[in-house]
Amino acid sequence: MSDSHHEQGFIRKYIFSTDHKMIGIQYGITSLLFLLFGFGLMLLMRWQLAYPEQPIPILSKIFSEDNPFLPGGIMVPEFYNSLGAMHGTIMVFLGVVPLAVGAFGNYFVPLQIGAPDMAFPRLNMVSYQAYFLGGVTMLISFFVPGGPANSGWTSYPPLSVIATQGQTYWLIGMMFLITSSLLGSVNFITTIFQLRTKGMTWMRLPFFVWTQLVAAFLLLLAFPPLEVAGIFQLMDRLVGTSFFMPSGLVVSGQALAYTGGGNVLLYQHLFWFLAHPEVYVLILPAMGIVGEVIANNTRKPLWGYRSMVGSLIFVGFMSFIVWAHHMFLTGMGTKISAFFQTTTMIISIPSVIILSCLLISLWGGSIRFNSAMLFALAFLPMFGIGGLTGLPLGFSSADIHLHDTYYVIGHFHYIVAPGTIFALFAGVYYWFPKITGRKMSEILGKLHFWFSLVFMNGIFMPMLIQGLAGVQRRLYDGGAIYAHAQDYLYLNKVMTHSAYALAAAQIFFIINFFWSMKFGKKAERNCWEATTLEWVAPSPPVAHGNFESAIEVFNGPYEYSAPGSSKGYLPQNEQ
């Protein structure tokens, strides 16, 4: 019969689990470790940018003069390129997306719709295993001759096709990660369509569930083109095809034996057809988390819930027809560039609607400024800065100056770092009691928040200034040999010191996280007095089935300050 009738062994329970909650925890722990590792790679890069060709402290005593990457602790240019490629890959594909979708989505979507589990539990398990294998493959590439991939996180050919062995591992790792996302997205879509409990109509779904549904559609439709591009690039590297390799290419004075007349721009189209929807896969679940936290801590319904849902769906649709704004400098005609800059301006409208609704939801609220709420509130201006700085990049004329400068790096990181990652921190502080049965320390949480907010801006605001001055990205020496960058080189030290201070600020979170698991204040079942269904379940929820009895929904997701309610709020399952 069912697994719930006997005690599972360690491997079956923790390694090859089919319970969506355990799989969510697996995703969460693995993705947090990858975020920490990717953050560490960035710290190495920042040292090199602030102190070019200077020995890195501590590492200078570990690495000998014969080391090919860090001789005597001094970084070589090829390894700097590898760090850039692997930092971007790990943070996006192995860190943020698996945490936002794999961890929070897997754990809370079934709970919020009143389902006993995901629609395909074994598929869910395989999805995590594929993700894990992809991550391990990426890590192995650090130990192969020539080091890991060094052609940027975008892996543009022809450079990536003639690159070192690590690029092959990168491509194989991406195949695993794409497979994981495709399996997961099918599971999310089926679960939300088929397993909603009685009474859970579409307009009673929590906003977080809507964001996960749209993100799942984006993954399902956008990842196959990149999988095709990865297979083609692997064949160009290993079999000698020329999908992306043009004829007559000369490298170091020697003509390469590619004669098929491949097209390097074909890869860029396939890559960005995924990568722009991927930006919304990064940001939409974050918006969902922020929506849950703001509604709960203002004690008010989300203002404009229906317009937020409509905007979500419109963002999902539009994200498929803006990709070429990343390619304005590839020589496209003015008519095509005009089309893509128009769609880029249009897609900003629904994002502004969602942000405006979240801001208006604060008006007149009885706001509780706990750690989760602080991170959710900070998300709003940080995402706003990220969005506003993206508008000039959407104009083909302005992009001529700004393309491939630090301005692009600053813009993207405002979206993802103090934007999405702040929202993910809000989710951890908000849902930690549901997962563990204990609350996190508010003192440590607020210390973590304020230091992170200050130092995040210390890293990324100077990037916008450097970019406007014309300082290019991917410079091994941070612009030291650029005449027009000289007045802005001091900002490299500001950003580097801020990055190391940000790393120190995360110690508050790490201590809080592990200390609270064991010694945190015990949380009641509905410790935040919330209305959505996950708070009806015990903390932590029942191992199989989630709920102690059948659930029926009678109300919308955010019936706070409900008239006639003695508690001041009305859970979805109460009449």
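Provided above is the structure to which this section pertains.
Here goes a summary of the coordinates provided. (Residues numbered from 1 in each chain as written. Predicted model: local features only at pLDDT ≥ 70, side-chain atom pairs only at ≥ 80, totals over all residues. Heavy atoms only, no water.)

### Remarks on the packing of helix α8 (residues 264–298) against helix α10 (residues 334–362)
Phase 1 of the analysis: Interhelical geometry of α8 versus α10 gives an angle of 20 degrees and a closest axis separation of 9 Å. Considering their axes alone, α8 and α10 lie roughly parallel with respect to each other. Helix-helix and strand crossings are classified by hand; for α8 and α10 the assignment is left-handed. Of the residues in α10, those in contact with Y280, M287, V290, G291, I294 and T298 of α8 are I347, S351, I354, L358, S361 and L362. (Axes fitted to C-alpha atoms, helices over the stretch in contact; angles between N-to-C directions. Helix = DSSP H or I, 4+ residues; strand = E, 2+ residues; numbered from the N terminus. Parallel < 35°, antiparallel > 145°, perpendicular 65-115°, else oblique. Left-handed = near helix turned anticlockwise from the far one by under 90°. Contact = heavy atoms within 4.5 Å.)

### What to know about unusual backbone geometry
Phase 1 of the analysis: Across the junction of P157 and P158, the peptide omega takes the value 5 degrees, indicating a cis bond.
Phase 2 of the analysis: Topologically, P158 is positioned in the loop between α5 (121–140) and α6 (166–194).
Phase 3 of the analysis: With an omega of -5 degrees, the peptide bond between S539 and P540 qualifies as cis.
Phase 4 of the analysis: In this structure, P540 sits in the segment after α15 (490–519).
Phase 5 of the analysis: The backbone of S252 shows a phi angle near 55 degrees, a positive value even though the residue is not glycine.
Phase 6 of the analysis: Given a relative accessible area of 74%, S252 falls into the exposed group.
Phase 7 of the analysis: Positive phi, close to 60 degrees, is recorded for R474, a residue that is not glycine.
Phase 8 of the analysis: Turning to its location among the elements, R474 is positioned in the loop between α14 (442–468) and α15. (Buried < 20%, exposed > 50% of the residue type's maximum accessible area, 1.4 Å probe, protein only.)

### Details of the pattern of salt bridges
Phase 1 of the analysis: Using the criterion set out here, one finds seven salt bridges in the structure.
Phase 2 of the analysis: Among the ionic pairs, D404 bridges to R474, the shortest N-O distance being 3.5 Å. Taken together, the residues D404 in the loop between α12 (396–402) and α13 (406–436) and R474 in the loop between α14 and α15 connect sequence positions 70 residues apart.
Phase 3 of the analysis: Here D404 falls in the partly exposed class, since its relative accessible area comes to 25%.
Phase 4 of the analysis: Judged by relative accessible area, R474 falls into the partly exposed class, the value being 44%.
Phase 5 of the analysis: Where R525 meets E548, a salt bridge forms, and the shortest distance between an N and an O atom there is 2.8 Å. With R525 in the segment after α15 and E548 in the segment after α15, this pair connects stretches of sequence that are 23 residues apart.
Phase 6 of the analysis: Through salt bridges that share partners, D404, R473 and R474 make up one connected network. (Salt bridge = Lys/Arg side-chain N within 4 Å of Asp/Glu carboxyl O.)

### Quick look at empty space enclosed by the protein
Phase 1 of the analysis: What the rule picks out here adds up to two cavities of 30 Å³ or more.
Phase 2 of the analysis: Looking at the largest cavity, its volume works out to about 210 Å³.
Phase 3 of the analysis: Listed by contribution, the elements that provide at least two residues to the lining of the largest cavity are α4 (77–112), α5, α6 and α7 (207–238).
Phase 4 of the analysis: For the lining of the largest cavity, a count of residues per class yields eleven nonpolar, eight polar and one charged.
Phase 5 of the analysis: The computed volume of the second largest cavity comes to approximately 40 Å³.
Phase 6 of the analysis: Around the second largest cavity, the lining residues are W170, L171, M174, M175, I178, L226, A229, G230 and Y267. (1 Å grid on protein atoms, 1.4 Å probe; cavity = no way out; pocket = protein on both sides within 12 Å on 5 of 7 lines; lining within 4 Å. Points joined across faces, edges and corners; volume = space filled by probe spheres on them. Nonpolar A, V, L, I, M, F, W, Y, C, P; charged D, E, K, R; others polar.)

### Brief notes about the packing of aromatic side chains
Any aromatic ring pair is given by two values, namely how distant the centres are and how the planes are angled relative to each other.
Phase 1 of the analysis: The full count for this structure, using the stated rule, is 51 aromatic pairs.
Phase 2 of the analysis: Here the aromatic rings of F271 and W272 are separated by 5.0 Å at their centres, their planes lie at 90 degrees, and the arrangement is edge-to-face. Each member of the pair, F271 together with W272, is buried.
Phase 3 of the analysis: Where F375 meets F425, the ring centres are 5.4 Å apart and the plane angle is 45 degrees; that geometry is what we call tilted. (Phe/Tyr/Trp six-rings, centres within 6.5 Å; stacked < 30°, edge-to-face > 60°.)

### Focus: α13
Phase 1 of the analysis: The sharpest bend along α13 measures roughly 40 degrees and falls at Y430, with the proline P433 sitting one to four residues further on.
Phase 2 of the analysis: Most of α13 is tucked away: 27 of the 31 residues are buried.
Phase 3 of the analysis: Just downstream of α13, G437 is the residue with a positive phi angle, here 85 degrees. (Bend = angle between axes of the 7 residues up to and from the residue.)

### Observations concerning the environment of L111
Phase 1 of the analysis: Tracing the backbone through its elements, the reader meets L111 in helix α4.
Phase 2 of the analysis: Among the residues examined, L111 registers a relative accessible area of 0% and is labelled buried.
Phase 3 of the analysis: The sequence separation of L111 and P541 amounts to 430 residues, and the corresponding C-alpha distance is 8.8 Å.
Phase 4 of the analysis: Aside from chain neighbours lying at most four places away, what touches L111 is H20, L533, E534, A537, P541, N546 and F547.

### Comments concerning the environment of I113
Phase 1 of the analysis: Looking at where I113 falls in the secondary structure, it is placed in the loop between α4 and α5.
Phase 2 of the analysis: Judged by its relative accessible area of 0%, I113 falls in the buried class.
Phase 3 of the analysis: The sequence separation of I113 and P538 amounts to 425 residues, and the corresponding C-alpha distance is 15 Å.
Phase 4 of the analysis: Apart from residues lying up to four places away in sequence, I113 is in contact with T191, I192, L195, R196, T197, M200, L205, V209 and L533.

### Some points on α14
Phase 1 of the analysis: The terminal C-alpha atoms of α14 lie 39 Å apart, and with 27 residues this matches the ideal 39 Å at 1.5 Å per residue to within 8%.
Phase 2 of the analysis: At G458, α14 is deflected by roughly 25 degrees, the largest bend along its length, and proline P462 occurs up to four residues later in sequence.
Phase 3 of the analysis: With a side-chain oxygen lying 3.4 Å from the backbone nitrogen of I443, the N-terminal cap of α14 falls on S441. (Expected span 1.5 Å × (residues − 1). Polar contact = N/O pair within 3.5 Å; in protein donor to acceptor, adjacent residues only side chain to side chain.)

### Looking at the packing of α4 against α6
Phase 1 of the analysis: Where α4 contacts α6, the two axes come as close as 12 Å, and the packing angle between them is 20 degrees. It follows from the interaxial angle that α4 and α6 lie roughly parallel. Between α4 and α6 lies a crossing whose hand is left-handed. Facing M86, T89, F93, L94, V101, G105, N106 and V109 of α4, the residues of α6 in contact are W170, M174, L177, F188 and I192.

### A look at the nonpolar core
Phase 1 of the analysis: Grouped together as the largest cluster of nonpolar side chains are 176 residues, with contacts concentrated most on F104, F207, L284 and F379.
Phase 2 of the analysis: At 20 residues, α4 tops the list of elements feeding residues into this core.
Phase 3 of the analysis: Among all residues touching L284, those that are not within four sequence positions of it are T211, V214, L218, L312 and V315. (Core = buried A, V, L, I, M, F, W, Y, C linked by side-chain atoms within 4.5 Å.)

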